[in-house]
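For reference, the chains in residue letters:
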Amino acid sequence: MRFCKKMLTAFIVFAFIFCNVAVWVNYFVIRNSFPRGDIEHMIQFGMPHSILLSIGIVSSLFFIYLLFFPARKYINTQFVYSEVTQKNKLRIMIVIFIIFQCVSLFNDLFNYLCINF
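All of the points below concern the structure found in this document. The shown structure was predicted, so the numbers you read here are calculated from the model rather than taken from an experiment.

1. What to know about a nonpolar patch on the surface
- The grouping of Trp-24, Phe-62, Phe-63, Tyr-65, Leu-66 and Phe-69 at the surface amounts to a nonpolar patch, some 560 Å² of accessible area in total.
- For the nonpolar patch, the element with the highest residue contribution is helix H3 (residues 49-79), accounting for five residues.
- With respect to the helices and strands, Leu-66 occurs in helix H3.
- The exposure class of Leu-66 is partly exposed, given its relative accessible area of 32%.

Set out below in structure tokens:
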């Protein structure tokens, strides 16, 4: 398969979107569970924590839907993947996404819940 500029652009844009959705979920869902920094300041300035968490969950689910369905289908048409390859790539994407979120959760737990002596 020949690698052209259109395919390269599609891959770079998709990778950029994938990373940004992962960071968005981390910021508005995981970080909202342990309010520090920006989220804590929003809560201190009067934004209800439950509304911030609700906005984060709803927007994250919407972005995850866009990432794993329409955007992934567009990438599959650009690269002309077979059904088996598409399923394998989807599994890999889901695993990478979950690993990214678990690492972020572990980092938040380690940084914010440890007792400093």
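2. As for the side chain of Ser-59
- Turning to its location among the elements, Ser-59 is positioned in helix H3.
- On the basis of relative accessibility, which here comes to 16%, the residue Ser-59 falls in the buried class.
- Within polar-contact distance, the side chain of Ser-59 engages the side chain of Trp-24 at 2.9 Å.
- Polar side-chain contacts of Ser-59 include one of 3.3 Å to the backbone oxygen of Gly-56.

3. Here's the deal with the nonpolar core
- Ranked by internal contacts, the top residues of the largest apolar core, which has 14 residues, are Phe-14, Phe-18, Leu-67, Phe-68 and Phe-97.
- Only helix H1 (5-33), H3 and helix H4 (83-113) provide two or more residues apiece to this core.
- It is H1 that contributes the most residues to this core, seven residues altogether.
- Each residue touching Phe-14, except ones within four places of it in the same chain, is listed here: Leu-67, Ala-71, Arg-72, Ile-75 and Met-93.

Conventions and cut-offs
Residues numbered from 1 in each chain as written. Predicted model: local features only at pLDDT ≥ 70, side-chain atom pairs only at ≥ 80, totals over all residues. Heavy atoms only, no water. Patch = residues over 30% accessible without salt bridge, like charges linked within 9 Å, V, L, I, M, F, W, Y side chains within 5 Å. Areas by Shrake-Rupley, 256 points an atom, 1.4 Å probe, with all protein chains shown as cover. Salt bridge = Lys/Arg side-chain N within 4 Å of Asp/Glu carboxyl O. Helix = DSSP H or I, 4+ residues; strand = E, 2+ residues; numbered from the N terminus. Buried < 20%, exposed > 50% of the residue type's maximum accessible area, 1.4 Å probe, protein only. Polar contact = N/O pair within 3.5 Å; in protein donor to acceptor, adjacent residues only side chain to side chain. Core = buried A, V, L, I, M, F, W, Y, C linked by side-chain atoms within 4.5 Å. Contact = heavy atoms within 4.5 Å.

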